Amino acid sequence: MRLLLERIFQGILVLLAVSVLTFGLAVLLPADPARMVAGPSASVQTVNNIRHELGLDKPILEQFVIYLGKVLRGDLGRSYKQSVNVTELLLSRLPATLELMLAGILFELLLGVPAGILAALRPGSFLDRGLMMLSFAGVSVPQFVLGLSLLYVFAFKFPIFPLGGFGTLAHIILPALTLGISGAGWYARVVRSEMLEVLGQDYVRTATAKGVLRSKVITNHALKNALLPVIGMIGSDIGVFMGGVVVVESVFGWAGVGKLVWDAIRVVDIPVILGVVQLGAVMIVIGNLLADLAYPLADPRVRYG
Amino acid sequence: MNNFDTRDSIPGKLERMTDTGLPLTRQLQTRGLAPRWKRFWRDPLVMLALLTVVVLTLMAVFAPQLAPKNPDLNFPEGLSDAGAPIAPNSSFWFGTDLLGRDLFSRIIYGARVSLLIGVLANGAAVLIGVFVGLIAGFVGGIVGTLLMRFTDLMTAFPVLLLAIALTAILKPSLWIVALVIALLNWVSLARVVYGQVLGLKSREYVTAAESLGASQTRVLLRHVLPGLLPTAVVWGTLGISTSVMLEATLSFLGVGVQPPTPSWGGIINESQSYFTLAPWLVAFPGIMILLTALSFNLLGEGLREAIDPSAKRTRF
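Bear in mind that the values here come from a model prediction, so they are computed numbers and not experimental data.

1. A word on the overall build of chain A
Phase 1: Of the regular secondary structure elements, chain A holds 13 helices and 0 strands.
Phase 2: N-terminal to C-terminal, the α/β element order of chain A is α-α-α-α-α-α-α-α-α-α-α-α-α.
Phase 3: Counting only residues that meet the buried cut, chain A has 47% of its 305 residues in that class.
Phase 4: Contacts spanning at least 24 positions in sequence make up 72% of the contacts within chain A whose residues lie at least 6 apart.
Phase 5: Accessible surface, chain A as shown: approximately 15,000 Å² in total, 68% of it carbon and sulfur.
Phase 6: Placing the 24 positive and 19 negative side-chain charges of chain A at their respective mean positions leaves the two points 8 Å apart.

Next comes the structure, spelled out in C-alpha cells:
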C-alpha cells in the first residue's frame, strides 16, 4: 500500500512539474500571445484589451497561481485559432486516439510476444537470428517512414485498405500496425531474454525432469513468469504512444489528439500544443499506475504492503 | 565483468603472441582481448553496421566533394513538362524533388544534418547523464536524492510531445533541435550510471584509495570515472540512433531542421502529399534514416555484448 501511495504521490508531482514547465514555456514564448489571438492586422488598442482579458498584464507569480488553479479545474485555456476551450477540444478527440492506441497495443502483443517466445525456444538458431534482426529493424524504422510505406504498398499499389481517414475497421489496421511494429520489436527482445532466463531456472528443469511435456512446461511454467514484464511495458506504452500518435495520425489523417497537435504546429496554436503535453503526462501517470495495480493480480508474489 | 580495460593484460600477451605471424593489430583483436571481443570483430552483422557507420561519416564529411550536383539548385530539366518531379534516371540518380532539385545530392548533404545532430545531441546527453548519475551516486545525501528524484520525474515526461512543444515554441533550428534532444535523452543513462557508481564506490580498490588518503576528487576522477567508460561508450553509440530518429521525426513534423537545409526527415515532410506520385522522395530518405538508426543500434548492441553483458537498455 505504501509503495502504491508513493507512486500516486509521484504521479501528482509529475503533473505539477509538467504544469510548471508548460507555464514556463508559455512565458518564455518569443511571440506575444495577445498579438497571436488578435491577429496581425489588429490595432494596438485591441491587442492591449486582449492582453488585459487574458490576464497577461498581471505579475508572473499571480499569473502562475491563476494558471495552476485553472489547470486543477481541468481548464487548459483557449485555443488561439479556434475559439474553443482546449480541454473540450482534447476530450472530443481523445476517444479516437484511445481506440488507435488500444489497437496498437494489440498489434504489439500479437507480433512481439510470439516472436520473442519462438526466438527463445531455439536460441542462436536461424529463426532466432532472423527474428531478432527483424526486431532491430522494427525499432530502427521511424514511424512516419513505416506508415507511408504501408500506405503505399497496401493502400495504393494493392488497394486492400483505405488511403486514410477513419471510421471502419479497415481504417484502423494500417495506423495501428504502424504504431505497433516499433513496440513489437521491444516486446520481442524483452520476452526473448525473460524466456531464456526462466527456461534456465530450477523449477523448469524439475518440471522437465518429472516428465512434463515440453509444450506444457513452456505454456504452464515458463510463459507465466516470462510475460510478467510485459505488464509494465504496456503501462509505459500508453505514454510512448502519446508521442507516436502525433506522427501516425498525421500520416493517416486520423482525427485524434495527435492530428490536433500536427494542425496546431502549423498555425503555432500554443495552448493546444501545451494542452496535449499535459494530457500526455496524465496518460503516462495513469498508464504506470494501471501497471502497478495489475502486477499483484498477475503475480501473487507481488504485494504492496 | 569489466573487460574493457585491457591495459594490464596486453604487454604480457604481446610477448607470447609475436611468433604467430599475424599482423599485430589482428592478434590483439582475435587473441589478445577477451573472447567476447573476438565475437564482436567476427560478427558479420556488427561489421556490416560498422562499415555503414564509416561510410555515412565519410559521406557527411565529404558531402561537397561527393555530391554530383548543387543540392539547393532548382534544375529546369529537373521537372517534367507538367512540372512534376522526375523519377530516378542516369542524370538524377535518385530522381528530383518537387522543386526540381537533385535528390541524390540532397540526401548526401542530409547525412551532415543527421549525423551532426545525432553525434552532438547524444554526446551532450551522455555528458549530462554521466554527470548527474555520477554526482548523485558519489555525493549522495540530499543532493543525490534530489537529483535522482528529478531524474525519476523526467522519465515520466512525454519525451516526443515535449520535444515538439519546445521546438515549435523556440523557433526551430539545427541547434535548438540538438539542444532539445540532448535535454531529453540523458535520463535513462543517469539512472544506469547512478547504479554503477553505487556499485563502484563499494569496490575494494576505491576503499583502498580512500584509506591511502586520496582526496574525494582524486577518487572520483581516477577511480570511479574510468569505471563508467564502458557504459558511456555503449550509450554514446546506441543513443545516436535514438537522436537521429528523433531529429528525423521532428523535421518530418516541420519543427526540426528548416528548409532549405536538406534533412532526411524534412525531405519526406516536403513531399509527403505527393508520395503516391513520387514514391522515391519518401523511399530514399526513409531508407537512409533506417540504415543509420539500424547501424548505430547494431553497433551499440555489439559493443554492449562485448563490454558489459549485464547492462539492460530502457526504452526512449
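2. Some thoughts on the overall build of chain B
Phase 1: When helices and strands are counted, chain B shows 15 helices and 0 strands.
Phase 2: Looking at the 316 residues of chain B, the share that counts as buried comes to 51%.
Phase 3: Considering only intrachain contacts with a sequence separation of at least 6, the fraction spanning at least 24 residues in chain B is 71%.
Phase 4: Within the structure as shown, chain B displays about 14,400 Å² of accessible surface, and the carbon and sulfur contribution to it stands at 66%.

3. Side note on the domain arrangement of chain A
Residue and element names in this part refer to chain A.
Phase 1: Examined at the domain level, chain A breaks down into domain 1 (2-72) and domain 2 (90-304).
Phase 2: The C-alpha centroid of domain 2 is placed 34 Å from the C-alpha centroid of domain 1.
Phase 3: Contacts between domain 1 and domain 2 engage 16 residues on the former and 12 residues on the latter.
Phase 4: Across the domain 1/domain 2 interface, buried area totals approximately 1,200 Å², and carbon plus sulfur atoms make up 82% of it.

4. A few points about the packing of helix α7 (residues 143-157) of chain A against helix α11 (residues 228-252) of chain A
Residue and element names in this part refer to chain A.
Phase 1: At a minimum axis separation of 9 Å, α7 and α11 run at an interaxial angle of 30 degrees. Taken together, the axis directions place α7 and α11 in an arrangement best described as roughly parallel. Remark: the crossing between α7 and α11 carries right-handed chirality. Here Q143, F144, G147, L148 and L151 of α7 lie close against α11, whose contacting residues are G244, V247, V248, V251 and F252.
Phase 2: Within the contact of α7 with α11, the residues separate by chemical class into 7 nonpolar, 3 polar and no charged.

5. Observations concerning the packing of aromatic side chains
Phase 1: Within this structure, the stated rule accounts for 9 aromatic pairs over all chains.
Phase 2: Taken together, a centroid distance of 4.3 Å and an interplanar angle of 5 degrees make the contact between A:F144 and B:F252 stacked. Of this pair, A:F144 sits in helix α7 while B:F252 sits in helix α13 (residues 229-252), placing the two residues on different chains. Of the two residues, A:F144 and B:F252, neither departs from the other in class, the shared state being buried.
Phase 3: The rings of A:F23, A:F64 and A:Y67 are connected pair by pair, giving a single aromatic cluster.
Phase 4: The positively charged end of A:R189 is found above the aromatic ring belonging to A:F136, 4.3 Å away from the centroid.
Phase 5: Over the face of the ring belonging to B:F138 we find B:K201, whose NZ or CZ atom lies 6.0 Å from the ring centre.

6. A look at the interface of chain A and chain B
Phase 1: If you look at the interface, chain A gives 51 residues, while chain B gives 44 residues.
Phase 2: Roughly 4,200 Å² of surface becomes buried between chain A and chain B when both sides are summed, with 78% attributable to carbon and sulfur atoms.
Phase 3: Three residues, A:F144, A:L148 and A:W186, lead the burial of chain A against chain B; their summed loss comes to 15% of the area buried on that side.
Phase 4: Counting every contact that joins chain A to chain B gives 2 salt bridges.
Phase 5: Here B:D43 makes a salt bridge to A:R129, at a shortest N to O gap of 3.7 Å.
Phase 6: Where chain A meets chain B, there are 3 residue pairs in polar contact (both at pLDDT 80 or more).
Phase 7: When residues of the side of chain A that touches chain B are traced back to their parent elements, those giving at least two are α1 (2-28), α6 (126-140), α7, α8 (169-199), α11, α12 (257-266) and α13 (270-298) of chain A.

7. Some remarks on the pattern of salt bridges
Residue and element names in this part refer to chain B.
Phase 1: Scanning all chains against the criterion turns up 11 salt bridges over all chains.
Phase 2: For the salt bridge of R106 with D72, the shortest nitrogen-to-oxygen distance reads 3.5 Å. With R106 in helix α6 (residues 103-139) and D72 in the loop between α5 (63-66) and α6, the pair connects residues that are 34 residues apart, well separated along the chain.
Phase 3: Close ionic contact of D97 with R106 constitutes a salt bridge, the shortest N to O distance being 3.7 Å.
Phase 4: Residue class for D97 comes out buried when judged on its relative accessible area of 5%.
Phase 5: Beyond isolated ion pairs, a larger network of salt bridges with shared partners links D72, D97, R101, R106 and E270.

8. Some thoughts on α6(B)
Phase 1: With 37 residues, α6(B) should cover 54 Å at 1.5 Å per step; its first-to-last C-alpha distance of 52 Å lies within 8% of that length.
Phase 2: Directly after α6(B), the chain includes B:G140, whose backbone phi takes a positive value near 65 degrees.

9. Thoughts on a nonpolar patch on the surface
All names here are of chain B.
Phase 1: Residues V54, L58, V61, F62 and L66 make up a contiguous nonpolar surface patch of roughly 430 Å² in combined accessible area.
Phase 2: Looking at the nonpolar patch, the element that brings in the most residues is helix α4 (residues 44-61), giving 3 residues.
Phase 3: Examined against the element boundaries, L66 turns out to sit in helix α5.

10. Observations concerning the nonpolar core
Phase 1: Membership of the largest hydrophobic core comes to 161 residues, with the highest contact counts inside it found for A:F144, A:M195 and B:I117.
Phase 2: Considering every element that reaches this core, the biggest residue donor is α6(B), with 15 residues.
Phase 3: No fewer than three residues from each of domain 1 (2-72) and domain 2 (90-304) of chain A sit in this core.
Phase 4: When residues no more than four places from it in sequence are discounted, the contact partners of B:I117 are B:N122, B:L174, B:V177, B:A178, B:I181, B:E247 and B:V257.
Phase 5: Core analysis: the second largest hydrophobic core is formed by 5 residues, A:A115, A:L131, A:M132 and A:A188 among them.

11. What about the packing of α1(A) against helix α7 (residues 141-155) of chain B?
Phase 1: Taken N-terminus to C-terminus, the directions of α1(A) and α7(B) make an angle of 75 degrees; their axes are 10 Å apart at the nearest point. Looking at the two axes, α1(A) sits roughly perpendicular to α7(B). Across from A:E6, A:Q10, A:L13, A:V14 and A:A17 in α1(A), the residues of α7(B) making contact are B:R149, B:D152 and B:L153.
Phase 2: Classifying every residue of the contact of α1(A) with α7(B) by side-chain character gives 4 nonpolar, 1 polar and 3 charged.

12. A closer look at α12(A)
Owing to its 3.6 residues per turn, the α-helix aligns residues three or four sequence positions apart on the same side.
Phase 1: In terms of burial, α12(A) is a largely internal element, 8 of the 10 residues being buried.
Phase 2: Along α12(A), the residues classified as buried are A:V257, A:G258, A:K259, A:L260, A:V261, A:W262, A:A264 and A:I265.
Phase 3: Of the surrounding elements, those touching the buried residues of α12(A) are α5 (86-121), α11 and α13 of chain A together with α8 (159-169), α13 and α14 (264-271) of chain B.
Phase 4: Looking at the residues trailing α12(A), positive phi occurs at A:V268, about 50 degrees.

13. Some details on the confidence of the model for chain A
Phase 1: Put simply, chain A has an average pLDDT of 83, and 94% of its residues get 70 or more.
Phase 2: Mean pLDDT across the secondary structure elements of chain A bottoms out at helix α2 (residues 33-38) of chain A, with 69, and peaks at α5(A), with 90.

The rules we used
- Residues numbered from 1 in each chain as written.
- Chains lettered and ligands numbered in written order.
- Predicted model: local features only at pLDDT ≥ 70, side-chain atom pairs only at ≥ 80, totals over all residues.
- Heavy atoms only, no water.
- Helix = DSSP H or I, 4+ residues; strand = E, 2+ residues; numbered from the N terminus.
- Buried < 20%, exposed > 50% of the residue type's maximum accessible area, 1.4 Å probe, protein only.
- Contact = heavy atoms within 4.5 Å.
- Areas by Shrake-Rupley, 256 points an atom, 1.4 Å probe, with all protein chains shown as cover.
- Lys, Arg positive; Asp, Glu negative; His and termini not counted.
- Charge placed at Lys NZ, Arg CZ, Asp CG, Glu CD.
- Domains from an automatic or database assignment.
- Buried area = accessible area lost by both parts, 1.4 Å probe.
- Axes fitted to C-alpha atoms, helices over the stretch in contact; angles between N-to-C directions.
- Parallel < 35°, antiparallel > 145°, perpendicular 65-115°, else oblique.
- Left-handed = near helix turned anticlockwise from the far one by under 90°.
- Nonpolar A, V, L, I, M, F, W, Y, C, P; charged D, E, K, R; others polar.
- Phe/Tyr/Trp six-rings, centres within 6.5 Å; stacked < 30°, edge-to-face > 60°.
- Lys NZ or Arg CZ within 6 Å of the ring centre and 35° of its normal.
- Salt bridge = Lys/Arg side-chain N within 4 Å of Asp/Glu carboxyl O.
- Polar contact = N/O pair within 3.5 Å; in protein donor to acceptor, adjacent residues only side chain to side chain.
- Expected span 1.5 Å × (residues − 1).
- Patch = residues over 30% accessible without salt bridge, like charges linked within 9 Å, V, L, I, M, F, W, Y side chains within 5 Å.
- Core = buried A, V, L, I, M, F, W, Y, C linked by side-chain atoms within 4.5 Å.
- pLDDT = per-residue confidence, 0-100.

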